[in-house]
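Here are the chains, one letter per residue:
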Amino acid sequence: MAFLSCIIIARNQLYTIVNCIESVFISLEASSINNYEIIYIDSSSTDNTITVLKERFDHTISVYQISGAMNAPIARNTGASLSKGDTLLFIDGDMVVNKNFIKEVYSNSDGLKYDAV
């Protein structure tokens, strides 16, 4: 059985991150995906992003903060190194995932439906 890791990266996305994560949960539910994890990698936000996420999504997502040298590739690589999945889905914290997106590209039994998405 395939396992999906949804890796969300952001910095100072307090006003978009909740919608982003909720859209991922909605897409996972619509897809009947049950073997997954959601990892949030924060690049040293100076707003309340991490506090809000820990309050809102406590125990449903893993939250990590990186510091020092950071950029989108470093955040994605950090998320990949922490993930358990055989398929990695990278999402930026200012994105909203379409309800049917995951269903279109991934299945519990086969993993990714296409070589590249």
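What you are looking at is a predicted structure, and each value in this text was computed from that prediction instead of being measured. (Residues numbered from 1 in each chain as written. Predicted model: local features only at pLDDT ≥ 70, side-chain atom pairs only at ≥ 80, totals over all residues. Heavy atoms only, no water.)

Draft legend 1. Spotlight on helix 1 (residues 17–30). Taking 1.5 Å per residue, 14 residues should reach 20 Å; helix 1 reaches 20 Å between its end C-alpha atoms and fits that length. For helix 1, the set of buried residues is Ile-17, Val-18, Cys-20, Ile-21, Ser-23, Val-24, Ser-27 and Leu-28. Buried positions along helix 1 lie against strand 1 (4–10), strand 2 (36–43), helix 2 (49–56), strand 4 (87–92) and helix 4 (101–105). Directly beyond the C-terminal end of helix 1, a positive phi value near 55° is found at Ser-32. (Helix = DSSP H or I, 4+ residues; strand = E, 2+ residues; numbered from the N terminus. Expected span 1.5 Å × (residues − 1). Buried < 20%, exposed > 50% of the residue type's maximum accessible area, 1.4 Å probe, protein only. Contact = heavy atoms within 4.5 Å.)

Draft legend 2. Highlighting the pattern of salt bridges. Under the counting rule described, the total for this entry stands at two salt bridges. Here Arg-56 makes a salt bridge to Glu-22, at a shortest N to O gap of 2.3 Å. Here Glu-22 lies in helix 1 and Arg-56 lies in helix 2, a separation of 34 residues in the sequence. For Arg-76, the salt bridge goes to Asp-92, with nearest N and O atoms at 2.8 Å. Linking Arg-76 in helix 3 (residues 72–82) with Asp-92 in strand 4, this pair joins segments that are 16 residues apart in sequence. (Salt bridge = Lys/Arg side-chain N within 4 Å of Asp/Glu carboxyl O.)

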